[in-house]
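This is what each chain is made of:
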Amino acid sequence: MPIPSTAAERRRAERAARSGGEPELEFAGGTPYARYGAIDTLLDLQRPRTAEPSETSFIIATQVMELLFSLLAGHWERAREAMERDDTAAAVAELRRGARVQDVLVSSWDLLADLSPTEFSRFRDALGDASGFQSHTYRRLEFLLGNTSAAMVRPHRGSPRARAELERAMEEPGLYDAALGLLARRGLPVPDEALRRDRTRPYAEHPGVREAWARVYADDTPGNDLFVLAEALLDTAERVTRWRQRHLAAVKRSMGAKPGTGGSNGLRWLAANAAEDVFPELWSLRTEL
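Reference entry: report on the structure contained in this document. Owing to the predicted nature of the structure, the values given are computational and were not obtained by experimental measurement. Residues take numbers from 1 onward in each chain, read along the sequence in its written order. This being a predicted model, a pLDDT of at least 70 is required before a residue's local features are given, and a value of 80 or more before pairs of side-chain atoms are given or counted; all residues contribute to the totals for chains, interfaces and linings. Water and hydrogen atoms play no part in the side-chain values, which are based on all heavy atoms of the structure.

### Digging into the nonpolar core
Grouped together as the largest cluster of nonpolar side chains are 53 residues, with contacts concentrated most on Trp-76, Trp-213, Phe-279 and Leu-282. Here a strand is any run of E in DSSP of at least two residues, a helix any run of H or I of at least four, and the numbering for each starts at the N terminus. When residues of this core are traced back to their parent elements, those giving at least two are helix H4 (54–84), helix H5 (88–108), helix H7 (136–144), helix H9 (175–185), helix H11 (207–217) and helix H12 (225–255). A total of 11 residues in this core trace back to one element, the largest contributor, which is H12. If we skip the residues at most four places from it in the chain, Trp-213 touches Tyr-176, Ala-179, Leu-180, Leu-183, Leu-226, Ala-230, Leu-233, Glu-281, Leu-282 and Leu-285. Within the second largest apolar cluster, eight residues are counted, among which are Phe-123, Leu-127, Val-251 and Leu-267. The set of buried Ala, Val, Leu, Ile, Met, Phe, Trp, Tyr and Cys residues whose side-chain atoms join them within 4.5 Å is what this entry labels a nonpolar core. Using a 1.4 Å probe on the protein chains alone, a residue whose accessible area is under 20% of its type maximum counts as buried, one over 50% counts as exposed, and one in between counts as partly exposed. Any two residues having at least one pair of non-hydrogen atoms within 4.5 Å are treated as being in contact.

Next up, the structure:
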């Protein structure tokens, strides 16, 4: 039996020996599990406004997505920081961890996959003007993807924390900005206008960037760390599209082409968003290779 390396590990081993391996059942107050995970608080956050049972599923799906948005942002920010210090291995590792989170995000739409129009209509009015479009944690992800926009900060002017997070995310390089900076430091011909883009506006595709990536793809061996990074970025981009498409399908199924609660035209706005490629040159160059 290995010797525990810390005092805490020794205490755990001694406790398990005393109990014969059975879990403890007596605690003063609530369980340590509930305290650590703030479980009582978490379960108190589901507060439906109607008697429609599907509203609870809708609230939980929304809250799960918000938690996953925050988790994913951390992975993407660490991937960006790794690229800025030329550590492609660490960047790829964070992107791959983020891809696992994205897979769960895409699957989270299953919680609402069978929400019928009649069920949704029984609690939709309780949403008022609330819309997922207003999520600042999701908007932070869009900014990290290069879909920056000063206008998209406006809905959060009344929330100092959300506004500060988005303004910072708009000022800082996104994932793709960091990747292009890395390519330029490696001697690839990334145009200056792409490197110094106006971050108050969304990233725009540039043929010079496509040429730089084409040179990376000229060597598609595992030893080319920039090629491995490019494919990890494309894995990320593809999962973003999958999430947007699932969002579109869920809305189409539950409410058809009705206007959105947040003021958009609903399906048309979501369809246009789903059609936009993330990291566009990584997609368009495939036609030329």
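Moving on, there is more to tell.
### So, the side chain of Glu-94
Of note, Glu-94 is situated in helix H5. Excluding anything up to four places from it in sequence, Glu-94 contacts His-75, Arg-78 and Ala-79.

### Observations regarding unusual backbone geometry
A positive phi angle, close to 50°, is found at Ala-38, a residue other than glycine. For Ala-38, the location among the structural elements is in the loop between helix H2 (32–36) and helix H3 (39–43). In this structure Ala-38 comes out as partly exposed when scored by relative accessible area, which is 37%. Unlike most non-glycine residues, Phe-279 shows phi in positive territory, near 55°.

### Describing the packing of helix H6 (residues 117–124) against H12
To define axes, lines are fitted to C-alpha atoms, for helices over the stretch in contact only, and angles between the resulting N-to-C directions are given on a 0 to 180 degree scale. Contact pair H6 / H12: the axes reach a minimum separation of 7 Å and the direction vectors enclose 85°. Taken together, the axis directions place H6 and H12 in an arrangement best described as roughly perpendicular. Contact residues: Pro-117, Phe-120 and Arg-124 in H6; Arg-253, Ser-254 and Met-255 in H12. Residues are grouped as follows: Ala, Val, Leu, Ile, Met, Phe, Trp, Tyr, Cys and Pro are nonpolar; Asp, Glu, Lys and Arg are charged; all remaining types, including Gly, are polar. Per-class residue counts for the contact of H6 with H12 are three nonpolar, one polar and two charged. Small angles under 35 degrees read as roughly parallel and large ones over 145 as roughly antiparallel, with 65 to 115 read as roughly perpendicular and the rest as oblique.

### Here's the deal with the packing of aromatic side chains
Ring pairs are drawn from Phe, Tyr and Trp, using the six-membered ring of Trp, whenever the two centres fall within 6.5 Å, and their geometry is named by plane angle: stacked under 30 degrees, edge-to-face over 60, tilted for the rest. Applying the stated criterion to the full structure yields 12 aromatic pairs. With 5.0 Å between their ring centres and 15° between their planes, Tyr-176 and Phe-279 make a pair best called stacked. Residue Tyr-176 is found in helix H9, and its partner Phe-279 is found in the loop between helix H13 (267–275) and helix H14 (280–284); the two are separated by 103 residues along the sequence. Across this residue pair, the class does not change: Tyr-176 and Phe-279 are buried.

### Some remarks on the pattern of salt bridges
The rule for a salt bridge is simple: a side-chain nitrogen of Lys or Arg has to be within 4 Å of a carboxyl oxygen of Asp or Glu. Scanning the entire structure with this criterion turns up 23 salt bridges. Put simply, Asp-110 and Arg-246 hold a salt bridge, and the shortest N to O gap is 2.8 Å. A residue pair is termed long-range when its members are at least 10 positions apart, and Asp-110 in the loop between H5 and H6 and Arg-246 in helix H12 qualify at 136 residues. We note a salt bridge from Arg-210 to Glu-288, for which the minimum N-O separation is 2.9 Å. Residue Arg-210 is found in helix H11, and its partner Glu-288 is found in the segment after H14; the two are separated by 78 residues along the sequence. Through salt bridges with shared partners, a single ionic network connects Arg-78, Glu-94 and Arg-97.

### Quick word on the side chain of Ser-54
Tracing the backbone shows Ser-54 in helix H4. The exposure class assigned to Ser-54 is buried, which follows from its relative accessible area of 12%. Here Ser-54 is in contact with Leu-115, Glu-119 and Phe-123, once residues within four sequence places are set aside.

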